[in-house]
Amino acid sequence: MRRQYNQDDSLHTVADITAQDLGGYDWQQLCERAAECAHAESACFAFCQASEPSPSLAMGRYWPITIRPTLAEYRNIWQQEHFYQPVIELSKSETGHYLAVPIQRGALSGLLFLKYANNSLVLSDSQRQWLDTLAVQAALLWGERHGSLRQHKREGATRRLLSRLKVIFDHVPIPINVFNSDGQCVLWNRECERIFGWSFDEVRQSSDPISLFYPDPKEQQNVKRIFKEHSSSRFQEWHPSNRAGDKLTVLWANIMLLNNDMLYVGHDISEQKEINRRQRLAASVFESSYNGIMIIDLDHKITHINPAYTRITGYSLAESVGRLPDFLKHSHFDNALYEELCLHFKHYDHWQSELSGRRKNGESYALLLAISKVKDEYDQPLNYVAVFSDITYLKNHEAELRHQACHDALTGVPNRLLFGELLEQAISSAERYQGQLAVCYLDLDGFKLVNDNLGHAAGDRLLIEVSRRLGGVTRNCDAMARLGGDEFALLFTELHSSLECDEILTRVQAIINQPFTLEGQTVQISASIGVALYPQDASEAELLLRYADQAMYQAKRLGKHTHVFFDAKLHLQEQDRKQQLAQLTSAFRQGELLLYYQPTIDLFNRQVMGLEALLRWRDPNRGLLVPSEFLSIAVGTSLEFELGMWVVEQVLSQMTIWSQQGWSFKVSFNVSRGQLMHSNFSEELSCLLAKYPLVLPSLLEMEFQECAVSADINAGVAVLQACRKLGICMSLDNFGTGYSSLSHLNQLPVNMLKIDRRFINDLLSNAHDVSMVESVIQLASALKMTVTAKGVELVEQGTRLQQLGCRYVQGYGIAQPLPPEHILDWLAQWNREQDNAANKKE
């Protein structure tokens, strides 16, 4: 029975159709033209497919409906190549004459049947050519129509399949989508929406969906090319982006559907990739960590170790796995600590401590050990991870730093910090056992002279040797330290009386006084030692050391090379001195100090030759104070140098003012030993001269006493020479007192000698003083120096000095010290008096 063709029936197979069924007018036209060309009654095209039970026919208008070539007849004609000649009756259903023309184009084959009324079936060459041409056209038409039909059926089948599977796809936990051959999305399940962040409508409406997932144009082109070229059910790794811009790792398998749509089935492995990356990282950290790591199971046995473990301990994997960690011989890791750890990990997940271990070769080492409990997702312990680092170097370095912090770098003996700790411990012990202690503060006499004359290297060797000698005197229960410079501290414990300490210090003095050989020279020094006793003087470490220091200064004042026990009276005096120093410092800061100036005259012509700057303190309570009432307080303190340089600057400032007023005076100022021998004195003096360019350095005169340089004459001469190079004149003040030395006088670069007032006071009545003054004048004349006599209060004293050859004098008999603003008035008055006196003589 003939079956009607239906485009919507995807199960339809073409069996027996008319020309209208396969395109209407095209097939009819072909059939009529074929019949006309061959002079036949009618024509029919037959095509055979492997899936069909009989040939498919395209019959012309007059082809008998009952004439249907069977599959056997069709195949027989092809097998015998029975073409262009009469054919046996087809299907035995009607008498007629037939002729078959072959149709062959590529894989498509068929037959063109022609029906004749008689047996006149001879075809000319031109007819055969026309028929062959029509056969080709039929093949093209059949391929077009039949392909469209097949594609239509496939698309229908695909749509129905996807429609049925969409509900399933939306509920599977894997991403599934379908794109057609134009690159448009036709299916996008919910998992795709969850993973990528775009809804189906957004992807479907996008003109270029691939660009959503692969923003980079080059990457887009590569993806499109691969998707078009490959159809594979094997999963391949891709790296699309989600809506947030994050790169994902997805496995995709693409399957070509019947209608050429592409079905993509994916698996998001981004999380798994991250887990794998972390696992690889953890494994890499485990293997490459510089710290030793061992994994311990719940039975406390080692299961894994890393290379650093072997490097630190010396034990290999085979020697460690399955064993308890106690074979590493950690000190302090006894049963008590083991039980403590077990209890600790019942409540905590981490433990850390410093231990000492022993390597396989027997060498001990310090380690920092940290143990952590590892738990599963149910918070149950899985194992323990022990991480340890070899801190031997750090501990050694720490010990070295601690030693450096507590010991003197030069001598290696304890320093002030460690001595303080040892003293605290000794006081605690003495307090428990009612013992006595002696804290001694020792300062070397003559060390600076050695340091300056022989150099710092020699000075260092001297300090090292002194430390060695002192170490030989102290017992194991005693202590010795270098406090800095040439100062040392001694601690003697377990004493029974101060007499016992006195005997020990006598021995100390003796060993210090023994000669030293330095730079090929024999050097001898001594020590000034101050002593404070516990508990008699104090019970605190700081006070004991301070009192010993004060006693040491008293030993210095007593002439050095001795030891002095602390005296509470001396302490009170020291406290009073500190209070006075504080008052003087405050007065200096508040501007209560000022300079007065006393004129010096030439006895021969009565001219004013210069001024001496003298310091005064205008105390609000005590009035105007002279230096003898306060200046000694500053000696030996930082205020000494600061105050001295202030005086110099005040002098230069006042000389600048007088210079601007048209006056020029030679002004002298006094310097103390602490100021003159200060390391920055000449440098700062040079800076002050540069600051006041209107003052000629030759108008500046510096007065100093011999005691300022006698302790280190070479260093003193060097400083004076530096000042002289600046153009400053030098005066040796109070000459004839103290330890005046002709050898020193010959060395010192001085221009003037100033005779002390003590020789002037009794000049008129004491022949000895006259002789001294006359000797100084003659000595100065021989050395080509000038002489100034100080303290002249009587006219007769001036006359006698003039008779002795002294030209310059100053004192109250000429003028009292005056504030700078009164100097010019006094000078005018002096000049008037001299003029009047000269006029009277005339």
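As the structure is a prediction and not an experimental result, all values here were calculated from the model. (Residues numbered from 1 in each chain as written. Predicted model: local features only at pLDDT ≥ 70, side-chain atom pairs only at ≥ 80, totals over all residues. Heavy atoms only, no water.)

A word on the overall build of the chain
- Secondary structure assignment for the chain yields 28 helices and 32 strands.
- Its C-alpha radius of gyration of 62 Å places the chain more than 25% over the 28 Å reference for a compact globule of 842 residues.
- Dimensions of the chain, computed from the C-alpha atoms along their principal axes, are close to 195 × 85 × 55 Å.
- Out of the 842 residues belonging to the chain, those deemed buried represent 45%. (Helix = DSSP H or I, 4+ residues; strand = E, 2+ residues; numbered from the N terminus. Rg over C-alpha atoms; globule rule 2.2 N^0.38 Å. Buried < 20%, exposed > 50% of the residue type's maximum accessible area, 1.4 Å probe, protein only.)

A closer look at the nonpolar core
- Counting residues in hydrophobic clusters, the biggest one holds 82 residues, and the most contacted among them are Val 651, Leu 676, Phe 681, Met 702, Phe 704 and Leu 801.
- The element best represented in this core is helix H19 (residues 638-660), accounting for ten residues.
- Membership of the second largest hydrophobic core comes to 44 residues, among which are Cys 37, Ala 43, Ile 67 and Leu 134. (Core = buried A, V, L, I, M, F, W, Y, C linked by side-chain atoms within 4.5 Å.)

With respect to the sheet that holds strand S13 (residues 302-305)
- Here we have five strands laid out as an open sheet, ordered S13-S12-S16-S15-S14, and antiparallel in their pairing. Bordering the open sheet on either side are S13 and strand S14 (350-358), each of which pairs with just one other strand. Averaged over all pairs of adjacent strands, the angle between strand axes in this sheet comes to 25°, irrespective of strand direction.
- In the sheet, S14 pairs with strand S15 (residues 364-375) via nine bridges, with the strands oriented antiparallel. Bridging across to S15, His 350 finds its partner in Ser 372. (Pairing = 2+ DSSP bridges. Axes fitted to C-alpha atoms, helices over the stretch in contact; angles between N-to-C directions.)

Describing the environment of Ala 72
- Checked against the element boundaries, Ala 72 lands in helix H2 (residues 71-80).
- Here Ala 72 falls in the exposed class, since its relative accessible area comes to 54%.
- Sequence spacing of Ala 72 and Ser 54 is 18 residues, and the spatial spacing of their C-alpha atoms is 8.6 Å.

Examining the side chain of Asp 170
- Mapping Asp 170 onto the fold places it in the loop between helix H3 (125-169) and strand S7 (176-179).
- Assessed through its relative accessible area of 15%, Asp 170 is described here as buried.
- Polar contacts involving the side chain of Asp 170 include one to the main-chain amide nitrogen of Arg 190, which spans 3.3 Å.
- Not counting chain neighbours up to four residues away, the residues in contact with Asp 170 comprise Trp 188, Asn 189 and Arg 190. (Polar contact = N/O pair within 3.5 Å; in protein donor to acceptor, adjacent residues only side chain to side chain. Contact = heavy atoms within 4.5 Å.)

Describing the sheet that holds strand S17 (residues 436-445)
- One open sheet holds the five strands; their spatial order is S18-S19-S17-S22-S23, and the pairing between them is mixed. Each of the sheet's edge strands pairs with one partner strand only, and the pair in question is strand S18 (479-484) and strand S23 (563-565). In this sheet, adjacent strand axes meet at a mean angle of 20° when their direction is disregarded.
- The pairing of strand S22 (residues 526-534) with S23 spans three bridges and is parallel. By the bridge assignment, Ile 529 is partnered in S23 with His 563.
- Running at roughly 140° to S22, helix H17 (residues 541-557) makes contact with S17, strand S19 (487-495), S22 and S23 of the sheet.

Topic: helix H23 (residues 713-725)
- Helix length check: H23, at 13 residues, gives a terminal C-alpha distance of 18 Å against a target of 18 Å (1.5 Å per residue), a fit within 8%.
- Residues of H23 that are buried include every one of Ile 713, Gly 716, Val 717, Val 719, Leu 720 and Cys 723, and no others. Along H23, the residues classed as buried sweep out an arc of 160° about the axis, all on the same side.
- Within two residues after H23, Gly 727 carries a phi angle of roughly 100°, on the positive side. (Expected span 1.5 Å × (residues − 1). Arc of directions from axis to C-beta.)

Purely geometric numbers; function is a separate question.
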